[in-house]
Amino acid sequence: MVLGELGQRITASFRRLNQAPIIDDDLLDEVLKEIAAALLHADVNVRYVSELRSNVKKRVLLESDASGVNKRKLIQKAVVEELVRLVSTDRKPYKLEKGKCNIIMFVGLQGSGKTTTCTKYAHHYNRKGWKTALVCADTFRAGAFDQLKQNASKVRIPFYGDYNETDPVKIAEEGVELFKKEKYDLIIVDTSGRHKQEAALFDEMQQVAEVVAPNDIIFIMDSHIGQACFDQAKAFREVVDIGSVIITKLDGHAKGGGALSAVSATNSPIIFLGTGEHFDEFQPFDAQSFVSRLLG
Ligand code: GDP
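About the cut-offs
- Residues numbered from 1 in each chain as written.
- Predicted model: local features only at pLDDT ≥ 70, side-chain atom pairs only at ≥ 80, totals over all residues.
- Heavy atoms only, no water.
- UniProt positions renumbered as here; feature names shortened; annotations may be inferred.
- 1 Å grid on protein atoms, 1.4 Å probe; cavity = no way out; pocket = protein on both sides within 12 Å on 5 of 7 lines; lining within 4 Å.
- Points joined across faces, edges and corners; volume = space filled by probe spheres on them.
- Helix = DSSP H or I, 4+ residues; strand = E, 2+ residues; numbered from the N terminus.
- Nonpolar A, V, L, I, M, F, W, Y, C, P; charged D, E, K, R; others polar.
- Core = buried A, V, L, I, M, F, W, Y, C linked by side-chain atoms within 4.5 Å.
- Buried < 20%, exposed > 50% of the residue type's maximum accessible area, 1.4 Å probe, protein only.
- Contact = heavy atoms within 4.5 Å.
- Pairing = 2+ DSSP bridges.
- Axes fitted to C-alpha atoms, helices over the stretch in contact; angles between N-to-C directions.
- Phe/Tyr/Trp six-rings, centres within 6.5 Å; stacked < 30°, edge-to-face > 60°.
- Lys NZ or Arg CZ within 6 Å of the ring centre and 35° of its normal.
- Near = heavy atom within 4 Å.
- Polar contact = N/O pair within 3.5 Å; in protein donor to acceptor, adjacent residues only side chain to side chain.
- Areas by Shrake-Rupley, 256 points an atom, 1.4 Å probe, with all protein chains shown as cover.
- Right-handed = clockwise from strand over helix to strand, strands pointing away.

If you look the chain up in an unreviewed UniProt entry, it shows as Signal recognition particle 54 kDa protein from Cladocopium goreaui. Turning to the chain, the UniProt annotation filed under Sequence similarities (unreviewed entry) states: "Belongs to the GTP-binding SRP family. SRP54 subfamily." Under the UniProt heading Catalytic activity (unreviewed entry), the note attached to the chain is "GTP + H2O = GDP + phosphate + H(+)".

1. Examining the layout of surface pockets
Within this model, the largest pocket holds a volume of roughly 410 Å³. Elements supplying a minimum of two residues to the lining of the largest pocket: helix 5 (114-127) and strand 7 (270-274). With three residues, the single largest contributor to the lining of the largest pocket is strand 7. Residues belonging to the lining of the largest pocket are distributed by class as follows: 15 nonpolar, three polar and five charged.

2. What to know about the nonpolar core
Counting residues in each nonpolar core, the largest one holds 78 residues, and the members touching the most others are V79 and F236. It is helix 2 (residues 25-41) that contributes the most residues to this core, eight residues altogether. Ignoring sequence-local partners within four residues, the contact set of V79 consists of I10, F14, L32, I35 and V56. If you look at the next biggest cluster of nonpolar residues, it comprises 24 residues, including I104, Y121, I246 and F279.

3. Here we look at the UniProt feature "domain: SRP54-type proteins GTP-binding" (unreviewed entry) in the chain
The UniProt feature table records "domain: SRP54-type proteins GTP-binding" (unreviewed entry) at residues 269-282. Structurally, residues 269-282 is divided into 0% helix and 43% strand, and its ends, taken at the C-alpha atoms, are 16 Å apart.

4. Here's the deal with the sheet that holds strand 6 (residues 244-248)
Taken together, the eight strands give an open sheet; going across it, the order is 3-2-4-1-5-6-7-8, and neighbouring strands pair in mixed fashion. Bordering the open sheet on either side are strand 3 (159-160) and strand 8 (282-284), each of which pairs with just one other strand. Packed onto the sheet, helix 9 (residues 229-239) meets strand 1 (102-107) and strand 5 (216-222) and runs at close to 155° relative to strand 5.

5. A few points about the packing of aromatic side chains
Under the criterion given, the structure shown has twelve aromatic pairs. Aromatic pair Y125 and W130: ring centres 5.5 Å apart, planes at 75°, arrangement edge-to-face. Both residues of the pair, Y125 and W130, count as buried. An aromatic cluster is built from F106, Y121, Y125, W130, F272 and F282, whose rings are joined through pairwise contacts. When the ring centre of F145 is taken as origin, the NZ or CZ atom of K149, which lies over that ring, is 5.7 Å away. The ring of F140 has R194 lying over it, and the distance from NZ or CZ to the ring centre is 3.8 Å.

6. Observations concerning the site of the ligand
By nearness alone, 17 residues border the ligand, and G111, K114, T115, T116 and D251 come closest of all. G111 is positioned such that a nitrogen or oxygen atom in its backbone is 2.7 Å from an oxygen atom of the ligand. Q147 is positioned such that a nitrogen or oxygen atom in its side chain is 3.0 Å from an oxygen atom of the ligand. Considered on its own, the ligand offers 580 Å² of accessible surface; in the complex 80% of this is hidden by protein. Per-element tally for the shell around the ligand: the top contributor is helix 5, with four residues. Along the lines of polarity and charge, the residues of the shell around the ligand split into one nonpolar, ten polar and six charged.

7. Some words on the environment of G161
Looking at the secondary structure, you find G161 in the loop between strand 3 and helix 7 (168-181). G161 sits ten residues away from I171 along the chain, and the two C-alpha atoms are 6.5 Å apart. Other than its neighbours up to four places away in sequence, G161 contacts C136, F145 and I171.

8. Points about the pairing of strand 6
Burial runs high along strand 6: five of the five residues are buried. Of the two faces of strand 6, the one holding S244, I246 and T248 and the one holding V245 and I247 are both buried throughout. Here strand 5 pairs with strand 6 via five bridges, running parallel. In the strand pairing of strand 6, I220 is matched with I246. Traced from strand 5 through helix 9 to strand 6, the parallel crossover comes out right-handed.

9. Describing the environment of E281
In this structure, E281 sits in the loop between strand 7 and strand 8. The exposure class assigned to E281 is partly exposed, which follows from its relative accessible area of 27%. Sequence separation between E281 and D251 is 30 residues, and the spatial gap between their C-alpha atoms is 9.3 Å. Excluding residues within four positions of it along the chain, E281 makes contact with K120, L273, G274, T275 and G276. A polar side-chain atom of E281 sits 2.9 Å from the main-chain amide nitrogen of H278.

Next comes the structure, spelled out in structure tokens:
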């Protein structure tokens, strides 16, 4: 994961802190400046970087009577906690309930990895024994149904779609009804994307959400778009009730930090990370262990 560079830079700053004979305000400022530069370089939203910096500083000043060793620990602990805060939210993700029909709708721009991620998500739960199905309500992108069909067949998951129907709302409604009757535990609805946020996409998303009444709406965010992640996530959040976020393509050359800001933009937790094109390149997300792994 390219975010590794961010982790390396932060751990290098921690090392510097550990090796310094005296930790005074100047050194603290320098170290925080280095960490902020590393976060900005990784595309983390500017506002959160400056918040992180001032929160750490405030905490250290407040507890400044701590001795040398404690001060080192205090600074590192505060940085780690601020990083965890950056990628987490108080809002809990929707918890799927087995034996109940869970309807999950996926939204995101074209190319974000939505169709691939629907399949990964379906595969993840199917392997755990959930009765899972996919509905292709993407009538905008030519070949979307074929792609979902192929993906679904590869992981042996039932799917619903219609080559002749142009109304995504109708397909979504019919597909969900069908699998509901057949008592599926998990019905995943893949929706259309567009190249950019636009009214037609948002109208369609709202209409699909109305007819399928999803238990959760998952926003798919491509980590490659860097700083633009924040605005994109916010725009989607203003239209539909996003409950969770999945960040894709964290295996590529993306710096990834921008996508981490999607938590604040949507006030929704990240639930999985996509780390490759294969259907098992998919990891559940936990803020604490993500930060621990980041810092090695
Ligand atoms: P959609 O238009 O949003 O449905 O996007 P697709 O699912 O078709 O994905 C667009 C491209 O991104 C495809 O070539 C996928 O194989 C690729 N892709 C999706 N997720 C990942 C990921 O986590 N890592 C990598 N490297 N590629 C991905």
